[in-house]
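Structural features, examined
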Amino acid sequence: TNAESYFEIAEKKVEKGQYQDAIENYTKAISIESKDPIYFLNRGVARQQLNDFEAAIDDYQMAIKIDSEFAAAYLNLGLVKQNHKGDIQDAINDYSKSIELDHENAEAYYNRAVAKTQLSQYVEAILDYTKALEINITHVNSLFNRGIAKKEVGDLKGAYTDWKKAAELGDEEAAKLLEEHCE
């Protein structure tokens with residue numbers, strides 16, 4: 001069996017939520033073809049699903065070592081650092097690298113904005129939420145969170161506009177904030 005066959009089996013296991021089996025098949029693929037960054041990226045995602053964050057970080061870093069311009073690996077590395085390691089500034093650096101490599105990825109701008117919001121860097125966060133929305137006008141989370149950031153800098157009219165649009169797109173939390181702050 002070749003590496004691609006194990007990779008395809010692993011992908012099917014992921015679709016079924018069988019992450020441990022997927023990891024075993026990604027590992028078999030890697031043992032045959034150790035220079036494919038996708039194998040490491042996807043194994044990292046599976047490991048993340050099983051809350052094995054250190055191993056996921058190792059896989060994302062290996063993917064980057066193989067391909068230093070692999071934007072998705074930087075994005076995923078940032079997510080683990082931000083959400084599971086609490087290393088916000090390092091996550092921002094990873095998101096920035098991902099954006100540098102793929103400046104049309106709304107998720108990278110969104111995640112960097114969330115991290116900046118966590119550091120109370122609201123003005124910078126608003127810029128990133130706005131960029132995410134320029135790429136994907138219906139990115140509801142960017143609208144909702146940009147509204148929060150605008151409220152934090154005293155732009156209540158801007159917050160209202162963002163929450164109203166998010167609510168129109170089906171965001172129930174935005175609808176609640178509209179009732180609380182804008183009636």
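Residues numbered from 1 in each chain as written. Predicted model: local features only at pLDDT ≥ 70, side-chain atom pairs only at ≥ 80, totals over all residues. Heavy atoms only, no water.

What to know about the packing of aromatic side chains
Taken as a whole and judged by the stated rule, the model has three aromatic pairs. Measuring from ring centre to ring centre gives 6.0 Å for Tyr-110 and Tyr-129, while their planes differ by 50°; the resulting arrangement is tilted. With a gap of 19 residues between them, Tyr-110 in helix H7 (residues 106-118) and Tyr-129 in helix H8 (residues 122-135) connect regions that are remote in the sequence. When its relative accessible area of 12% is taken as the criterion, Tyr-110 is described as buried. Since its relative accessible area comes to 1%, Tyr-129 is described here as buried. Grouped by ring-pair contacts, the aromatic residues Phe-7, Tyr-26 and Tyr-39 constitute a single cluster. (Phe/Tyr/Trp six-rings, centres within 6.5 Å; stacked < 30°, edge-to-face > 60°. Helix = DSSP H or I, 4+ residues; strand = E, 2+ residues; numbered from the N terminus. Buried < 20%, exposed > 50% of the residue type's maximum accessible area, 1.4 Å probe, protein only.)

Here we look at helix H1 (residues 3-15)
With 13 residues, H1 extends 19 Å from end C-alpha to end C-alpha; this agrees with the ideal 18 Å at 1.5 Å per step. Regarding H1, the residues found buried are Ala-3, Tyr-6, Phe-7 and Ala-10. Relative to the axis of H1, the buried residues are bounded by an arc of 100° and lie together on one face. Pointing more than 90 degrees away from the buried face of H1 are the exposed residues Lys-12 and Glu-15. Directly beyond the C-terminal end of H1, a positive phi value near 80° is found at Gly-17. (Expected span 1.5 Å × (residues − 1). Arc of directions from axis to C-beta.)

As for the side chain of Arg-146
Mapping Arg-146 onto the fold places it in helix H9 (residues 140-152). We classify Arg-146 as buried; its relative accessible area is 13%. A polar side-chain atom of Arg-146 sits 2.6 Å from a polar atom in the side chain of Asp-162. The contacts of Arg-146, once residues within four sequence positions are left out, are Ile-126, Tyr-129, Thr-130, Leu-133 and Asp-162. (Polar contact = N/O pair within 3.5 Å; in protein donor to acceptor, adjacent residues only side chain to side chain. Contact = heavy atoms within 4.5 Å.)

Remarks on the packing of H1 against helix H2 (residues 19-32)
Axis separation between H1 and H2 bottoms out at 8 Å; the angle between their running directions is 165°. Taken together, H1 and H2 sit at an angle that is classed as roughly antiparallel. Note on packing geometry: the crossing formed by H1 with H2 is left-handed. From H1, Ala-3, Tyr-6, Phe-7, Ile-9, Ala-10, Glu-11, Lys-13 and Val-14 reach across to H2, where they touch Tyr-19, Asp-21, Ala-22, Asn-25, Tyr-26, Lys-28, Ala-29 and Ile-32. (Axes fitted to C-alpha atoms, helices over the stretch in contact; angles between N-to-C directions. Parallel < 35°, antiparallel > 145°, perpendicular 65-115°, else oblique. Left-handed = near helix turned anticlockwise from the far one by under 90°.)

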